[in-house]
Amino acid sequence: MTKTVTRGLRGLVAGATIATASVTAPVAAQAEEFINILTGGTSGVYYPIGVGLSKIFADGISGARTQVQSTKASVENLNLLQQGKGEFAIALGDSVKYAWEGNADVGFAAPLDKIRGISAAYPNYIQVAASADSGITTIADFKGKAISVGAPKSGTELNARAIMAAMGMSYEDFSKTEYLPFAESVELMKNRQLDATLQSAGLGVASLKDLATSVPTTIVAIPADVADKLGAPYLAATIPAGTYEGQTADIPTLAVGNFFLTHADVSEETVYQMTKLMFENLPELVAAHKAATAITLETALNGMPVPLHPGAERYYREVGLIK
């Protein structure tokens, strides 16, 4: 995580495939507790983080049965939380803000008033990858090209829309706009049906690693002044050299914080246990995906766009983060 992102965060988260990540904990003296963890596509970062959390919760919460649900990520996760169809979710900070306000243009017909915060997570880096054959070296080169901007109204797609507007462009400038999740975007690029993809994810996302090892790839810069134009929750950031095969230099880009969330009807005790277990088992999350190295207790409350759940607040008072 870059110093720029760290400073910024201190100043301030195709298809519905369902995969069972773990089952009943060894000790089940109480009534069975079902915890559905809402993530994203299986080739992104949300999914392996969710799998890591599912094991932590199943092992640590008596009677817990956990499940990891692959979704279209932020916007879908937030709507599912509001409907009570998940107990834990990951979402991008700008999507969370729009959900709380009820921004219909981005997929929230009314304010999602049941959403509650658990913790700040790690930053999503907005990563733009183009095939070397496309000749794309800057965002301006997107004009007349075939671009994937992420699943419709996903957190990634909302980021793409905002960035294009800040740079005086729109999807109408492209020869073709595809609304596809990460893995599908990469497959089309491998088959020369797409020129570039914009993906909002943790560094080292599996989809772009796959792309860069399969075809010559250019990681495209997003100028730092775009963060100034957009304002919070966007931050200037850097994709370090060597993150992807063939990437020999640091690449400037933007980042947006992710958040761990729940809803108001989940019990205080369950959310307390989830929060406590997560912070007590961070090495297991890092083993699930290195993006989790940016999850810290010290930054847990930074930039939280919605009210904390009482169970999370109880844990933070217990450890002295809230006085």
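Scroll up for the structure.
Predicted, not measured: the structure shown is a model, and the values here were computed from it. (Residues numbered from 1 in each chain as written. Predicted model: local features only at pLDDT ≥ 70, side-chain atom pairs only at ≥ 80, totals over all residues. Heavy atoms only, no water.)

Asker: Residue-level account of the pattern of salt bridges, with values.
Answerer: Think of it this way: side chains of opposite charge can pair up when their charged atoms draw near. For the structure on display, the rule yields 13 salt bridges. Note that Lys-97 is salt-bridged to Glu-101, the shortest N-O span being 3.0 Å. In this pair, Lys-97 and Glu-101 are both assigned in helix α4 (residues 93-101), four residues apart and thus about one turn of the helix distant. Among the residues examined, Lys-97 registers a relative accessible area of 39% and is labelled partly exposed. Since its relative accessible area comes to 43%, Glu-101 is described here as partly exposed. Residues joined by salt bridges that share partners form a network here, namely Glu-187, Lys-190 and Asp-210. (Salt bridge = Lys/Arg side-chain N within 4 Å of Asp/Glu carboxyl O. Helix = DSSP H or I, 4+ residues; strand = E, 2+ residues; numbered from the N terminus. Buried < 20%, exposed > 50% of the residue type's maximum accessible area, 1.4 Å probe, protein only.)

Asker: Quick rundown of the packing of aromatic side chains? Include the residues and the values.
Answerer: Tallied over the entire structure, the rule returns nine aromatic pairs. Each residue in the set Phe-142, Tyr-171, Phe-174 and Tyr-179 is aromatic and connected to the rest through ring pairs, giving one cluster. (Phe/Tyr/Trp six-rings, centres within 6.5 Å; stacked < 30°, edge-to-face > 60°.)

Asker: Go over the side chain of Thr-71, please, and point to the residues and values.
Answerer: Along the chain, Thr-71 falls in the loop between β3 (64-69) and α3 (74-82). For Thr-71, a relative accessible area of 3% translates into the label buried. Here the side chain of Thr-71 touches Thr-39 through a polar contact of 3.0 Å, landing on its backbone oxygen. (Polar contact = N/O pair within 3.5 Å; in protein donor to acceptor, adjacent residues only side chain to side chain.)

Asker: Tell me about the pairing of strand β10 (residues 235-239), and name the residues and values.
Answerer: With burial as the criterion, only one face of β10 is covered, namely that bearing Leu-235, Ala-237 and Ile-239; the residues Ala-236 and Thr-238 on the opposite face remain uncovered. Pairing analysis gives five bridges linking β10 to strand β11 (residues 251-263), with the strands arranged antiparallel. Following the sheet pairing, Ile-239 is matched in β11 by Ile-251. (Pairing = 2+ DSSP bridges.)

Asker: Quick rundown of the nonpolar core? Include the residues and the values.
Answerer: In terms of nonpolar packing, the biggest core is built from 82 residues, with Phe-57, Phe-142 and Phe-260 touching the most fellow members. With eight residues, the single largest contributor to this core is strand β5 (residues 115-131). One finds Leu-78, Ala-99, Leu-158 and Met-304 within the second-largest nonpolar core, a separate group that totals 19 residues. (Core = buried A, V, L, I, M, F, W, Y, C linked by side-chain atoms within 4.5 Å.)

Asker: How would you explain helix α5 (residues 155-166) if you had to name every residue and give the values?
Answerer: For α5, spanning twelve residues, the distance from its first C-alpha to its last is 17 Å, which sits close to the expected 16 Å at 1.5 Å a residue. Among the twelve residues that make up α5, ten are buried, leaving the element largely enclosed by the rest of the structure. By the burial criterion, the buried members of α5 are Gly-155, Thr-156, Glu-157, Leu-158, Asn-159, Ala-160, Ala-162, Ile-163, Met-164 and Ala-166. The positive-phi residue at the C-terminal boundary of α5 is Gly-168, with phi of around 70°. (Expected span 1.5 Å × (residues − 1).)

Asker: Which residues make up the packing of α3 against α4, and what values do they have?
Answerer: Contact geometry for α3 and α4: axes closest at 9 Å, N-to-C directions at 40°. The orientation of α3 with respect to α4, classified from their angle, is oblique. Crossing geometry of α3 relative to α4 is assigned as right-handed. Listed contacts from α4 to Ser-74, Val-75 and Leu-78 of α3 are Ser-95, Val-96 and Ala-99. Along the lines of polarity and charge, the residues of the contact of α3 with α4 split into four nonpolar, two polar and no charged. (Axes fitted to C-alpha atoms, helices over the stretch in contact; angles between N-to-C directions. Parallel < 35°, antiparallel > 145°, perpendicular 65-115°, else oblique. Left-handed = near helix turned anticlockwise from the far one by under 90°. Contact = heavy atoms within 4.5 Å. Nonpolar A, V, L, I, M, F, W, Y, C, P; charged D, E, K, R; others polar.)

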